[in-house]
Amino acid sequence: MTAAGCQLEDRADGTLAVRGVLTFDTANATWRSLRERLARAPAQVLDLSAVERSDSAGLACVLAVLSEAGKQGQSLRVRGLPAGMRRLAQVCEVESLLAAG
(Lines give C-alpha, C1' and ligand atoms only; values in the text may rest on other atoms or scores of the structure.)
Protein backbone atom coordinates (compact mmCIF):
# COMPACT_ATOMS: atom_id res chain seq x y z
CA MET A 1 0.00 0.00 0.00
CA THR A 2 1.39 3.44 -0.90
CA ALA A 3 0.54 6.75 0.76
CA ALA A 4 2.06 9.61 -1.28
CA GLY A 5 5.73 9.20 -0.39
CA CYS A 6 5.35 6.43 2.15
CA GLN A 7 4.82 2.74 1.61
CA LEU A 8 3.06 0.55 4.15
CA GLU A 9 3.92 -3.10 4.50
CA ASP A 10 1.88 -5.68 6.40
CA ARG A 11 4.11 -8.37 7.83
CA ALA A 12 2.97 -11.80 8.94
CA ASP A 13 4.16 -11.19 12.52
CA GLY A 14 1.57 -8.42 13.14
CA THR A 15 3.93 -5.60 12.21
CA LEU A 16 2.86 -2.68 10.07
CA ALA A 17 5.99 -1.12 8.58
CA VAL A 18 6.29 2.41 7.22
CA ARG A 19 8.95 3.18 4.62
CA GLY A 20 9.89 6.50 3.04
CA VAL A 21 9.50 10.16 3.94
CA LEU A 22 7.05 11.14 6.68
CA THR A 23 6.83 14.93 6.53
CA PHE A 24 4.29 17.71 6.17
CA ASP A 25 3.83 16.75 2.52
CA THR A 26 3.06 13.08 3.22
CA ALA A 27 1.78 12.88 6.80
CA ASN A 28 -1.93 13.39 6.11
CA ALA A 29 -2.12 10.76 3.37
CA THR A 30 -0.02 8.38 5.46
CA TRP A 31 -2.25 8.90 8.49
CA ARG A 32 -5.35 8.15 6.42
CA SER A 33 -3.79 4.99 5.00
CA LEU A 34 -2.63 3.80 8.42
CA ARG A 35 -6.03 4.52 9.94
CA GLU A 36 -7.83 2.60 7.19
CA ARG A 37 -5.40 -0.29 7.51
CA LEU A 38 -5.83 -0.53 11.30
CA ALA A 39 -9.62 -0.42 10.94
CA ARG A 40 -9.47 -3.52 8.72
CA ALA A 41 -7.11 -5.56 10.88
CA PRO A 42 -5.20 -4.81 14.07
CA ALA A 43 -1.43 -4.65 14.14
CA GLN A 44 0.76 -5.04 17.21
CA VAL A 45 3.82 -3.10 16.07
CA LEU A 46 4.28 0.04 14.01
CA ASP A 47 7.81 -0.24 12.59
CA LEU A 48 9.32 3.11 11.62
CA SER A 49 12.90 1.90 11.09
CA ALA A 50 12.67 2.50 7.31
CA VAL A 51 11.45 6.11 7.64
CA GLU A 52 14.17 8.08 5.88
CA ARG A 53 13.15 11.57 6.98
CA SER A 54 10.47 13.04 9.22
CA ASP A 55 9.38 16.32 10.76
CA SER A 56 6.81 17.54 13.27
CA ALA A 57 3.95 16.51 10.97
CA GLY A 58 5.40 13.00 10.82
CA LEU A 59 5.54 12.89 14.61
CA ALA A 60 1.94 14.13 14.78
CA CYS A 61 0.94 11.40 12.31
CA VAL A 62 2.47 8.68 14.50
CA LEU A 63 0.84 10.07 17.63
CA ALA A 64 -2.54 10.23 15.86
CA VAL A 65 -2.17 6.62 14.71
CA LEU A 66 -1.40 5.50 18.27
CA SER A 67 -4.41 7.44 19.53
CA GLU A 68 -6.69 5.93 16.88
CA ALA A 69 -5.46 2.43 17.68
CA GLY A 70 -6.17 3.03 21.36
CA LYS A 71 -9.71 4.20 20.56
CA GLN A 72 -10.22 0.91 18.69
CA GLY A 73 -8.97 -1.06 21.69
CA GLN A 74 -5.71 -1.99 19.99
CA SER A 75 -2.35 -2.01 21.71
CA LEU A 76 0.15 -0.71 19.15
CA ARG A 77 3.86 -0.40 19.96
CA VAL A 78 6.33 1.74 18.03
CA ARG A 79 9.59 0.16 16.95
CA GLY A 80 12.51 1.73 15.12
CA LEU A 81 11.71 5.34 15.94
CA PRO A 82 14.08 7.46 13.79
CA ALA A 83 16.60 9.50 15.79
CA GLY A 84 15.27 12.82 14.51
CA MET A 85 11.71 11.94 15.45
CA ARG A 86 12.88 10.78 18.88
CA ARG A 87 14.68 14.11 19.47
CA LEU A 88 11.61 16.05 18.37
CA ALA A 89 9.41 13.96 20.68
CA GLN A 90 11.79 14.72 23.57
CA VAL A 91 11.70 18.46 22.85
CA CYS A 92 7.90 18.37 22.62
CA GLU A 93 7.76 16.24 25.79
CA VAL A 94 5.68 13.50 24.10
CA GLU A 95 8.26 10.70 24.07
CA SER A 96 6.33 8.85 26.77
CA LEU A 97 3.30 8.66 24.44
CA LEU A 98 5.41 6.81 21.89
CA ALA A 99 6.71 4.37 24.49
CA ALA A 100 3.22 3.68 25.84
CA GLY A 101 1.81 2.54 22.50
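Note that the structure is a prediction, hence the values are computed from the model and not measured.

(A) Seen up close, helix α2 (residues 56–71). Along its 16 residues, α2 runs 22 Å from first to last C-alpha, staying within 8% of the 22 Å computed at 1.5 Å per residue. Every buried residue of α2 is accounted for by Ala57, Gly58, Leu59, Cys61, Val62, Val65, Leu66 and Ala69. Backbone nitrogen of Ala57 and a side-chain oxygen of the N-cap are separated by 3.0 Å at the start of α2; the cap is Asp55.

(B) Region of interest: the environment of Ser54. Mapped onto the elements, Ser54 comes out in strand β4 (residues 45–54). Considering only alpha carbons, one finds Ser54 and Val21, 33 residues apart in sequence, at a separation of 6.1 Å. Setting aside residues up to four positions removed in sequence, Ser54 forms contacts with Leu22, Thr23 and Met85.

(C) Looking closely at the pairing of strand β3 (residues 15–22). Among the 8 residues in β3, 7 count as buried, and that is most of the element. Looking at chain direction, strand β2 (residues 6–10) and β3 are connected through 5 bridges and run antiparallel. Each bridged residue has a counterpart across the sheet, and for Gln7 the counterpart in β3 is Arg19. Between the antiparallel neighbours β2 and β3 lie 4 residues, among them Gly14 with a positive phi of about 85°. The pairing of β3 with β4 spans 7 bridges and is classified as parallel. Residue pairing across strands places Leu22 opposite Ser54, the latter belonging to β4. Regarding topology, helix α1 (residues 27–40) serves as the crossover connection from β3 to the parallel β4, and that connection is right-handed.

(D) Region of the structure containing the side chain of Thr26. Locating Thr26 in the fold gives a position in the loop between β3 and α1. Assessed through its relative accessible area of 7%, Thr26 is described here as buried.

(E) Representation of the state of the cysteines within the structure. According to the stated counting rule, one finds 0 disulfides in the structure shown. Cysteine Cys61 remains unbridged, with the sulfur of Cys6 as its closest cysteine sulfur at 7.5 Å. Relative accessible area serves as the criterion here: at 3%, Cys61 is assigned to the buried category. Not part of a disulfide, Cys92 finds its nearest cysteine sulfur in Cys61, a span of 15 Å.

(F) Summary view of the pattern of salt bridges. The final tally for this structure, using the stated rule, is 5 salt bridges. The closest approach of N and O atoms between Asp47 and Arg11, which form a salt bridge, is 3.0 Å. Remark: Arg11 occurs in the loop between β2 and β3 and Asp47 occurs in strand β4; sequence separation between them is 36 residues. Taking the relative accessible area as the measure of exposure, Arg11 reaches 30% and is therefore partly exposed. Put simply, Asp47 and Arg79 hold a salt bridge, and the shortest N to O gap is 3.8 Å. With Asp47 in strand β4 and Arg79 in strand β5 (residues 77–79), the pair connects residues that are 32 residues apart, well separated along the chain. Residue classification places Asp47 among the buried residues on the basis of a relative accessible area of 6%. For Arg79, a relative accessible area of 35% translates into the label partly exposed. Here the residues in one salt-bridge network are Glu9, Arg11, Asp47 and Arg79, joined through shared partners.

The rules behind the values
Residues numbered from 1 in each chain as written. Predicted model: local features only at pLDDT ≥ 70, side-chain atom pairs only at ≥ 80, totals over all residues. Heavy atoms only, no water. Helix = DSSP H or I, 4+ residues; strand = E, 2+ residues; numbered from the N terminus. Expected span 1.5 Å × (residues − 1). Buried < 20%, exposed > 50% of the residue type's maximum accessible area, 1.4 Å probe, protein only. Polar contact = N/O pair within 3.5 Å; in protein donor to acceptor, adjacent residues only side chain to side chain. Contact = heavy atoms within 4.5 Å. Pairing = 2+ DSSP bridges. Right-handed = clockwise from strand over helix to strand, strands pointing away. Disulfide = S-S within 2.5 Å. Salt bridge = Lys/Arg side-chain N within 4 Å of Asp/Glu carboxyl O.

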